[in-house]
Amino acid sequence: MTGKRVAFTTLGCKVNMYDTEAMRELFLNRGYTEVDFDSEADIYLINTCSVTNFGDKKSRQVIRRAKKLNPNAIVIASGCYAQTAPEAVAAVEGVNIITGIKDRANIVDIVEGYNGGVLNLVSDIRTAVEFEPLTVTRLEGHTRAYLKIQEGCNRFCTYCIIPYARGPIRSRRPEDVLEEVRKLAANGFKEIVLTGIHIASYGLDLNCGTYLADIIEMVHRTEGIERIRFSSMEPLAVTEEFISRMKALPKVCDHYHLSLQSGCDKTLHEMGRRYTSDQYYQAVERIYRAYPDGAITTDIIVGFPGESDEDFKESAAFAQKCGLARIHVFPYSPKNGTPAAKRKDQVPPQIKSQRAAELGEISSRLQRNFMSRFVGRTMPVLFEREIEPGVYEGYTTNYIRVIAKSKDSLRNRIINACLTEIDEKEGLIKAQVR
């Protein structure tokens, strides 16, 4: 199979992106040639998403499109939709191999042993107890590396299919995490983003006394890594001890994505979230006390079943009280198989759209207010890519998107830049570098 053309596409979250990159590396190490997904390939790998019913639909569409590009190709469906609905995926015209969440470390062997028909390898994810050994050591064209340290979730929020798709919590062993970090550093990466499905649960299943703060401290000691971020955090995990330990680590960035979903306690309870708005606000205060220039971003769902106008107003007011740097707004989308999707008090689509637009305007105002605090200041920026000739894009430690002009290449360099002007339309600040 050496020299065969393989194409990849990813639907969904950063964890899915990591999984795709790991499988991509397995194919390339075996001598396969990567081509663009819209090109003719011998193998198409679709890492599917199932967070919403739209994600399911999109996954089916991409499978069909791949087969049209080359009717003789082997089409692989991996990821959450393949895991939760393998029979539905098997019924999609064009699919050949269905792997779900397991067996991805053996994907090349599976492809090379394929003998025709529809091969369904999906098994019960609820029995998974070990972290699947996927590794990424190179990311073409990237300067920020995502490193998956945790899999699965035991929370079972009423709107979420992910615990059914990803299974119980499984943590990557510390020695394996550190080995990958060292390889990434050796390959020139300056920034690491530790990610997982429910990262706050890291280590709870390992029985080795290493938890999230411990693994971050270990990564911090790796030579060559200059910045550390981590993915979405539960507010209850942001304790005084955790913040104190993070503040003592200069490489840890002053940006926290603190999961909210609603600022209304009634809605939080019905969502199955395990914190109150008051507990969330306590976490916000801890972060801002430790990081006066820090940024807190979040996700908020609007139009959850039973959400009244008063509930929405309470949620929006709470978001403003928290002084967030940005809100990712999601109109509630019923997901088959979850308790919330069965409720009779679904909010009409037009009301969800109105609320999303209103909260989006609030988010834009909050983002503008946050960025305005830094205009005129000089801040270190890790420039990641050249977006047009002589114009480079990067991020401050508190995750302000910055662009600057330079005759010299700024890619993968941390440069002190003077932030000069907000571009509200693009959600960034223009900067000058010497």
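Quick caveat: nothing in here was measured; it's all calculated off a predicted structure.

K.L.:
I tried to follow the pairing of strand β18 (residues 428-432) on my own but got confused; where do I start?
P.N.:
Bridge count between strand β16 (residues 401-405) and β18: three bridges; the pairing is parallel. Note that in β18 the partner of Ile-403 across the bridge is Lys-430. Relative to β18, strand β17 (residues 413-423) is paired through five bridges, and the arrangement is antiparallel. Following the sheet pairing, Glu-421 is matched in β18 by Lys-430. Counting the residues between successive antiparallel strands, the hairpin from β17 to β18 contains four residues, one of them, Gly-427, with a positive phi of roughly 65 degrees.

K.L.:
Sorry, what's going on with the layout of surface pockets here?
P.N.:
If a probe the size of a water molecule is rolled over the atoms, the empty space left behind becomes visible. Counted as a void, the largest pocket has a volume near 1,600 Å³. Around the largest pocket sit 48 residues that line it, and Cys-13, Ser-232, His-257, Asp-299 and Phe-330 are the ones nearest its centre. Secondary structure elements with two or more residues in the lining of the largest pocket: α1 (14-29), β7 (144-151), α6 (162-166), β9 (191-196), β10 (227-230), β11 (255-257), β12 (295-302) and β13 (326-331). Examining the composition of the lining of the largest pocket, we find that four residues originate from one element, β13, more than from any other.

K.L.:
Even after reading the chapter, I still don't get the sheet that holds strand β4 (residues 74-79), so can you show me in this structure?
P.N.:
To summarise the sheet geometry, strands pair through backbone hydrogen bonds and adopt either a parallel or an antiparallel arrangement. Here we have six strands laid out as an open sheet, ordered β2-β1-β3-β4-β5-β6, and parallel in their pairing. Looking along the sheet, the strands with just one partner apiece sit at the ends: β2 (33-34) and β6 (119-120). Pairing of strand β3 (residues 43-48) with β4 involves six bridges; the strand directions are parallel. Residue pairing for β4: Leu-45 is matched across the bridge by Ile-76. Sitting on the sheet, α1 is in contact with β1 (5-10), β2, β3 and β4, with an inclination near 175 degrees to β1. Contacting β1, β3 and β4, helix α2 (residues 53-69) crosses the sheet at an angle of about 175 degrees to β3.

K.L.:
Just checking my understanding: could you explain the nonpolar core for this structure?
P.N.:
The nonpolar side chains of soluble globular proteins are, as a tendency, buried together. Counting residues in hydrophobic clusters, the biggest one holds 54 residues, and the most contacted among them are Leu-194, Ile-216, Phe-230, Met-246 and Tyr-280. Once residues within four sequence positions are removed from consideration, Tyr-280 is found in contact with Pro-235, Leu-258, Ser-259, Leu-260, Tyr-275, Ile-296, Thr-298, Phe-318, Cys-322 and Leu-324.

K.L.:
Whenever I open this one, the packing of aromatic side chains confuses me. Can you help?
P.N.:
One pair of aromatic rings is described through two measures. These are the centre distance and the angle between the planes. Evaluated as defined, the whole model comprises 14 aromatic pairs. Between Phe-27 and Tyr-32, the aromatic rings sit 5.1 Å apart at their centres with planes inclined by 90 degrees, giving edge-to-face as the arrangement. For the pair shown, Phe-27 and Tyr-32 are each scored as buried. Among the aromatic residues, those joined into a ring-pair cluster are Phe-230, Phe-242, Tyr-256 and Tyr-291. Positioned above the aromatic ring of Tyr-395 is the side chain of Arg-144, whose terminal nitrogen or guanidinium carbon lies 5.0 Å from the ring centre. Positioned above the aromatic ring of Tyr-281 is the side chain of Lys-321, whose terminal nitrogen or guanidinium carbon lies 4.3 Å from the ring centre.

K.L.:
Any chance you could explain unusual backbone geometry here in plain terms?
P.N.:
The phi dihedral of Phe-156 falls on the positive side, at around 55 degrees, and the residue is not glycine. Checked against the element boundaries, Phe-156 lands in the loop between β7 and α6. Residue Phe-156 is classed as partly exposed on the basis of its relative accessible area, which comes to 41%. Residues other than glycine seldom take positive phi values, yet Gln-261 does so here, at roughly 75 degrees. Locating Gln-261 in the fold gives a position in the loop between β11 and α10 (265-271). The exposure class of Gln-261 is buried, given its relative accessible area of 9%.

K.L.:
Before we go on, may I ask you to explain the sheet that holds β13 in this structure?
P.N.:
A sheet is described by the order of its strands in space; here three strands give the open sequence β11-β12-β13, paired in parallel fashion. Taken across any chain shown, the strands that pair with only one partner, and hence form the sheet edges, are β11 and β13. In this sheet, adjacent strand axes meet at a mean angle of 15 degrees when their direction is disregarded. Note that β11 and β12 share three bridges and pair parallel. Paired with His-255 across the two strands is Ala-295, which belongs to β12. The strands touched by helix α11 (residues 277-290) within the sheet are β11 and β12, with β12 carrying the most contacts at an inclination of about 160 degrees.

What counts, and at which threshold
- Residues numbered from 1 in each chain as written.
- Predicted model: local features only at pLDDT ≥ 70, side-chain atom pairs only at ≥ 80, totals over all residues.
- Heavy atoms only, no water.
- Pairing = 2+ DSSP bridges.
- Helix = DSSP H or I, 4+ residues; strand = E, 2+ residues; numbered from the N terminus.
- 1 Å grid on protein atoms, 1.4 Å probe; cavity = no way out; pocket = protein on both sides within 12 Å on 5 of 7 lines; lining within 4 Å.
- Points joined across faces, edges and corners; volume = space filled by probe spheres on them.
- Contact = heavy atoms within 4.5 Å.
- Axes fitted to C-alpha atoms, helices over the stretch in contact; angles between N-to-C directions.
- Core = buried A, V, L, I, M, F, W, Y, C linked by side-chain atoms within 4.5 Å.
- Buried < 20%, exposed > 50% of the residue type's maximum accessible area, 1.4 Å probe, protein only.
- Phe/Tyr/Trp six-rings, centres within 6.5 Å; stacked < 30°, edge-to-face > 60°.
- Lys NZ or Arg CZ within 6 Å of the ring centre and 35° of its normal.

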